[in-house]
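Fold and contact review
The residues making up each chain are set out below.
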Amino acid sequence: MATQSPSLSSLEADVLVIGGGSTGVGVARDAALRGFSTILVERSDLADGTTGRFHGLLHSGGRYAVKDPSAARECIAENRILRLTAADCVEDTGGLFVSTPWDDPEYGDQFLQGCKATGVPAEEIPVAEALRREPRVNPDIRRAFLVPDAALDPWKLVWGCARSAEEHGARILPYCRVLYLEMDGDRVVGADVRNERSGEEFRIHATVVINAAGAWAGQIADLARCTVNVRAGMGLMIAMNHRLVHMCVNRCKRPADGDILLPLRTACVIGTTDVFVPDPDQTEIRQEDIDLLLDEGEKLVPGFRQARALHAWAGVRPLFEDTAKVAETRDVTRSHALLDHSSREGVAGFLTITGGKTTTFRLMAEAAVDAACRQLGGPRPCRTADVPLSGSENHALYQISHRLAEREPVPQAEEIICECELITRSRLEDTIKQRDTTSLDDIRRLLRLAMGPCQGGFCIYRAAGILHQGGHVDQAGANQTLLDFLEERWKGVHPILHGDQLRQARLDDWIFQGILDVEHVPV
Amino acid sequence: MSYDTVVVGAGLAGLTAALRLSERGQHVLIVARGVGATHLAPATVDVLGYLGDTQVASPAASLPGLSNGHPYGHVPVDQLTTALAWFCAHTAALGYAGGPGENLLLPTALGVPKPSALAPRSMAGGDLRAGGRFVFVGFKGFKDFHPTLIAANLARARLPLSIEARALELEPPPTRRGDLSGRVMAGRFDNEQLTDWLVHALEHRVEPDERIGVPAVLGLRSDAPWQELEKRLQRKVFEVATLPPSVPGIRLFQALSAALRSGGVRMVFGVTAVGARINAGRIEAVEVANATGTHAYPVTSVVLASGGFASGGLELDSFGTTRETVFDLPLSGLPEGHRVRFAPRYFDEQPLATAGVATDDLLRPVDGSSRPVYENLHAAGAILAGATPWKEKSGTGISVATGYAAAEGILVPAAAPVSEAVR
Ligand SMILES: Cc1cc2nc3c(=O)[nH]c(=O)nc-3n(C[C@H](O)[C@H](O)[C@H](O)COP(=O)(O)OP(=O)(O)OC[C@H]3O[C@@H](n4cnc5c(N)ncnc54)[C@H](O)[C@@H]3O)c2cc1C
Ligand SMILES: Cc1cc2nc3c(=O)[nH]c(=O)nc-3n(C[C@H](O)[C@H](O)[C@H](O)COP(=O)(O)OP(=O)(O)OC[C@H]3O[C@@H](n4cnc5c(N)ncnc54)[C@H](O)[C@@H]3O)c2cc1C
């Protein structure tokens, strides 16, 4: 994908989408499939906002079955759609709700009723059967229920939507930040954007501007003197080495902190928490939240605290607040909010879509583009429920073993740059070329480079060398991206460093500071 | 069977202590869970490369600048000098040269000049201090060495005399294995005609005044391939240390274990020291666990050389408590408060960096009031408190110096009156 900046000083489109998370790329793809000329701008890399920092659950709806039936209905409907249209992003792990000794077993009855009422398939199974499937789960659980939860890969999903949008003529511009919205009277007619890599500023004219900036949607709305109250709810997650569980294991109780443990590729992730933060860009990880997650993990999987914690990170939920003023369309549910600012504040050409979940991103996008159609000359049918992403045409769900399967026919055929994630040299080189990027962190998000147990101890020197050798960066650039990567990685490593992972970190200290002496590299 | 000394750990510190003790007539047993950092680290002996942000030209002259409580505080400079000379003498097959007086500056695999006090002859030719012309040679298909980046960085490095550096990539004869580790590459130099190939590949591509840097994979068994290359190419050839596993480090381990074996030292791998039997302030026996159970070895003296966090000698649990894992010794250098929080920036000073056991001048671990915990327990290497060796570039130097000094501490007659009686 071409991610260079447009060298033009101004661009034009029917639809300008602000934000490159699941919502934004969903909107861009939907609009492009309906034949609108579309541009998306993202201030950072795609999926570098909440979407790339979420927990990873493709909800079955079970979690909301009791508390929020309409959200549950949306989830199961979208779950079914994404299994077909985004199959390659979905690992069909299945979900398990369990009543641990800390949970009221009676809640299981409410749970089953709620699932039944909302159409979420749920089945109670004997505890022995649950433990056979998940041998590490607390043997003292009292009840267990199966639901169709699954694991969802946010990067694949976001890049898949972005590529599909591009195939249908859209322009996707990462590292382009909206600075101002351009107004013509009480109409939004475009945006002033800065390319964060080159510093160049340019203008995009659009008939409709769709604000899909997630927890930052309030900041974007301010630029048009509109009000969107999104509360930023920070949630913490910790990735543990190995798949301690193979299904998405939920506590069977009212949703609370630290009650889901799900497999993610070769690791598993516990989450999450919910703490209000005044600024979505300030997400400091607190020790008490780490302890909370480790303690809750211990309840689900005894011995959790001795397992190896790889990485901690936080995401910010966009929680939409003033429901009073949104009651203008059928599209407002408690789970997401579509705001047409012409009816709210009299500002035309400007919509906000926020809140919600990644599971329901497609539905949110459909609602937003339906509303945009009204300002673009009439309805056009949405096609995203039927047209699969490329790579998902045969509806084959992702399998954990796929990289191994790709490699196996020709054993040891070529260099493996990242052993943890089985990334070959050619795959790395192709990605560098396709993305035209020189940032190891961008590459990480695309390939999961350095996301395994060693957290880049070995592959990052190799990748920097390959970037330099291929002429993609000069020596200073290679050094800088290596140093940046080490700092970035440390952010997620230092809060949870203990046990075997401290051992690993010390080995990495010795590799980078002892063997290579990266600290004294010329930059 | 009873031993004069049981050494816990087979890293550089444990191997050094054991060899020195056996050479002085002791009956020594090494127990180790596995091999130590020798198999991972460059085989140089780095005594002191940085004091804070300042590069050190002469370790001996800079040692007094180290803070109180640094392991070198227990090793007088003349003893350090003796230890390094002793080390060179006992690794003669690898031709170690240098001393504490001045540091070599050897290029890293990232092209950074790094100070080391001793280097094996196969690496010493990379010394950048005299300036000159260098060519760095990579092997296609070997992912752990990137000569273009090395050459580009070295060309911009701050050095006493100017250098020129360029990169060359060669394609070795094909092999069925596409994904090559340093170990596999080294095996090819041992067993195939790779040295021959390299001579032919380089002969006409290297200028007469160029020194030739290659990844440190020139043979596992010995440095014979390096010797042959120098002889046939008539130029200085040198190995550059790269990502683990470390081929020169494995050679070093082999050289030291050969010396230990011929000195009658017994080495037991795959076992874990789990504690001690204590009597009247002394360790009577070391408890060692293997797959079938725990065995107690009666001893006169003990050397704890179990390494730091990297090798499991120290451990931090998820509640924030740090422990010495074999004898539960008191630790020094722990941050205040009950929980460890690491600094948010990677290169900042990190808590726990200097954590470890503090000792007296005989290298005996001491408690909070500076008294030896056990009269006959000595410690050496990365388990010691007070250093940040990856920043100072002092890890292997501390291991050799304190391994030697711990042995001397045991050999001092006054330190072991009881042991004489027991014998
Ligand atoms: C801890 C946590 C766990 C979660 N777990 C799940 C889960 O398991 N399953 C699930 O379905 N959902 C989950 N969610 C919810 C889900 O992640 C979010 O609802 C979803 O990712 C929001 O996507 P988005 O595109 O609206 O926002 P984002 O992904 O945040 O995208 C908004 C983008 O706007 C960009 N932006 C901001 N300002 C500007 C500007 N000036 N110019 C250009 N771009 C700008 C940002 O950089 C950002 O990339 C979780 C959320 C959190 C916080
Ligand atoms: C990748 C890497 C690169 C390095 N690079 C450099 C460098 O460039 N310069 C430098 O100066 N230093 C470097 N070092 C550090 C240096 O190698 C070490 O600081 C030093 O050699 C430590 O030696 P040691 O003998 O104290 O411990 P180690 O080598 O760690 O050995 C510890 C030994 O104790 C054993 N052990 C631990 N616990 C038990 C137990 N309970 N029972 C039995 N056995 C046990 C282990 O199995 C092992 O044999 C590097 C280290 C690594 C890992």
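Residues numbered from 1 in each chain as written. Chains lettered and ligands numbered in written order. Predicted model: local features only at pLDDT ≥ 70, side-chain atom pairs only at ≥ 80, totals over all residues. Heavy atoms only, no water.

Looking now at the overall build of chain A. Helix and strand counts for chain A come out as 15 helices and 22 strands. Against the globule reference of 24 Å for 523 residues, chain A gives a C-alpha radius of gyration of 23 Å, in line with a compact fold. Seen through its principal axes, chain A has C-alpha atoms that stretch 65 × 65 × 45 Å. Evaluated residue by residue, chain A yields a buried proportion of 63% over its 523 residues. In chain A, the proportion of contacts linking residues at least 24 apart, taken out of those at least 6 apart, comes to 73%. Positive and negative charge centroids in chain A, built from 58 and 75 side chains respectively, lie 3 Å apart. (Helix = DSSP H or I, 4+ residues; strand = E, 2+ residues; numbered from the N terminus. Rg over C-alpha atoms; globule rule 2.2 N^0.38 Å. Buried < 20%, exposed > 50% of the residue type's maximum accessible area, 1.4 Å probe, protein only. Contact = heavy atoms within 4.5 Å. Lys, Arg positive; Asp, Glu negative; His and termini not counted. Charge placed at Lys NZ, Arg CZ, Asp CG, Glu CD.)

A word on the site of ligand 2. Taken together, 37 residues lie around ligand 2, and Gly34(B), Ala37(B), Asp46(B), Lys114(B) and Ala382(B) are the ones closest in. Chain contributions to the surroundings of ligand 2 come from chains A and B. Take Arg33(B): an N or O atom from its main chain is 3.0 Å from a nitrogen atom of ligand 2. Ala305(B) is positioned such that a nitrogen or oxygen atom in its backbone is 3.4 Å from an oxygen atom of ligand 2. Relative to its unbound accessible area of 1,000 Å², ligand 2 is 96% covered by the protein chains. (Near = heavy atom within 4 Å. Polar contact = N/O pair within 3.5 Å; in protein donor to acceptor, adjacent residues only side chain to side chain. Areas by Shrake-Rupley, 256 points an atom, 1.4 Å probe, with all protein chains shown as cover.)

Next up on the list: the domain arrangement of chain B. When its domains are assigned, chain B resolves into domain 1 (3-91 + 252-411) and domain 2 (127-235). Each of domain 1 of chain B and domain 2 of chain B has a C-alpha centre, and these two points are 34 Å apart. (Domains from an automatic or database assignment.)

Residue and element names in this part refer to chain A. Annotation of chain A at the domain level lists domain 1 (10-50 + 155-229 + 321-374), domain 2 (62-68 + 85-152 + 231-312) and domain 3 (402-520). Measuring from the centre of the C-alpha atoms in domain 1 to the corresponding centre in domain 2 gives 31 Å. Counting residues at the interface gives 11 residues for domain 1 and 10 residues for domain 2. Here domain 1 meets domain 2 over a buried area of about 980 Å², counting both sides, of which 57% is carbon and sulfur. (Buried area = accessible area lost by both parts, 1.4 Å probe.)

Right, let's get into the nonpolar core. By size, the foremost hydrophobic cluster in this structure holds 164 residues, and its most contacted members are Leu449(A) and Phe87(B). With 8 residues, the top contributor of residues to this core is helix α11 (residues 395-411) of chain B. If we skip the residues at most four places from it in the chain, Leu449(A) touches Cys418(A), Ile423(A), Ile443(A), Arg444(A), Cys459(A), Ile460(A) and Ala463(A). In this structure, Val17(A), Val25(A), Ala212(A) and Met451(A) belong to the second largest nonpolar core, which totals 46 residues. (Core = buried A, V, L, I, M, F, W, Y, C linked by side-chain atoms within 4.5 Å.)

Okay, the site of ligand 1 next. All names here are of chain A. As a structural note, the neighbourhood of ligand 1 is formed by 35 residues, with Thr23, Glu42, Thr51, Leu57 and Thr359 the closest of them. Between Leu57 and ligand 1, the recorded distance is 2.8 Å, taken from a backbone N or O atom to a nitrogen atom. The contact in question runs from an oxygen atom of ligand 1 to an N or O atom on the backbone of Gly356, over 3.0 Å. The protein chains hide 96% of the 1,000 Å² of surface that ligand 1 would expose on its own. Listed by contribution, the elements that provide at least two residues to the shell around ligand 1 are α1 (22-33), β10 (176-184), β13 (230-241) and β18 (309-320). Classifying every residue of the shell around ligand 1 gives 12 nonpolar, 18 polar and 5 charged. Of the residues that make up the shell around ligand 1, three or more belong to each of domain 1 (10-50 + 155-229 + 321-374) and domain 2 (62-68 + 85-152 + 231-312). (Nonpolar A, V, L, I, M, F, W, Y, C, P; charged D, E, K, R; others polar.)

Time to look at helix α8 (residues 224-233) of chain B. All names here are of chain B. Within the span of α8, buried status applies to Pro225, Trp226, Leu229 and Leu233. Down the axis, α8 shows its buried residues gathered within 100° of arc, on one side only. After α8 finishes, the residue Gln234 shows a positive phi value of roughly 55°. (Arc of directions from axis to C-beta.)

In this section: the packing of aromatic side chains. Here the structure, examined in full by the defined rule, presents 15 aromatic pairs over all chains. The structure contains a cluster of three or more aromatic residues connected by ring pairs, namely Trp490(A), Phe342(B), Tyr346(B) and Phe347(B). Directly above the aromatic system of Tyr175(A) lies the positively charged group of Arg197(A), at a separation of 3.7 Å from the ring centroid. It is Arg489(A) that lies over the ring of Tyr346(B); its NZ or CZ is 6.0 Å from the centre. (Phe/Tyr/Trp six-rings, centres within 6.5 Å; stacked < 30°, edge-to-face > 60°. Lys NZ or Arg CZ within 6 Å of the ring centre and 35° of its normal.)

Judged by pairing direction, the sheet is antiparallel, and its 3 strands sit side by side in the order β3-β8-β4 (chain A) without closing on themselves. The two strands at the open ends of the sheet, each matched to only one other strand, are β3 (57-58) and β4 (90-91) of chain A. (Pairing = 2+ DSSP bridges.)

The next subject is helix α12 (residues 440-447) of chain A. The buried fraction of α12(A) amounts to 7 of the 8 residues, a majority that puts the element mostly inside the structure. Downstream of α12(A) by a residue or two, Arg448(A) has a phi angle that is positive, lying close to 65°.

Here the focus is the interface of chain B and chain A. Taken together, the contact between chain B and chain A spans 53 residues of the former and 52 residues of the latter. Interface of chain B and chain A: buried area, both sides summed, is about 5,100 Å²; carbon and sulfur atoms make up 59% of it. Taken as a group, Tyr346(B), Phe347(B) and Trp390(B) account for 17% of the area that chain B buries against chain A, more than any other trio of residues on that side. Summed over the shared surface of chain B and chain A, the number is 5 salt bridges. Ionic pairing is found between Lys393(B) and Asp517(A), a salt bridge with its closest N-O pair at 3.1 Å. Counting only elements with at least two residues in the side of chain B that touches chain A, the list comes to β7 (113-116), α5 (147-155) and α10 (389-392) of chain B. No other element matches α5(B), which puts 4 residues into the side of chain B that touches chain A. For the side of chain B that touches chain A, the class distribution of residues is 27 nonpolar, 12 polar and 14 charged. (Salt bridge = Lys/Arg side-chain N within 4 Å of Asp/Glu carboxyl O.)

All right, on to the packing of helix α3 (residues 77-90) of chain B against α11(B) then. All names here are of chain B. Where α3 meets α11, the closest approach of the two axes is 9 Å, and the angle between their N-to-C directions is 105°. Between α3 and α11, the crossing angle belongs to the class labelled roughly perpendicular. Along its contact with α3, which presents Gln79, Leu80, Thr82, Ala83, Leu84, Trp86 and Phe87, the element α11 presents Val400, Ala401, Tyr404, Ala405 and Glu408. Split into classes, the residues belonging to the contact of α3 with α11 amount to 9 nonpolar, 2 polar and 1 charged. (Axes fitted to C-alpha atoms, helices over the stretch in contact; angles between N-to-C directions. Parallel < 35°, antiparallel > 145°, perpendicular 65-115°, else oblique.)

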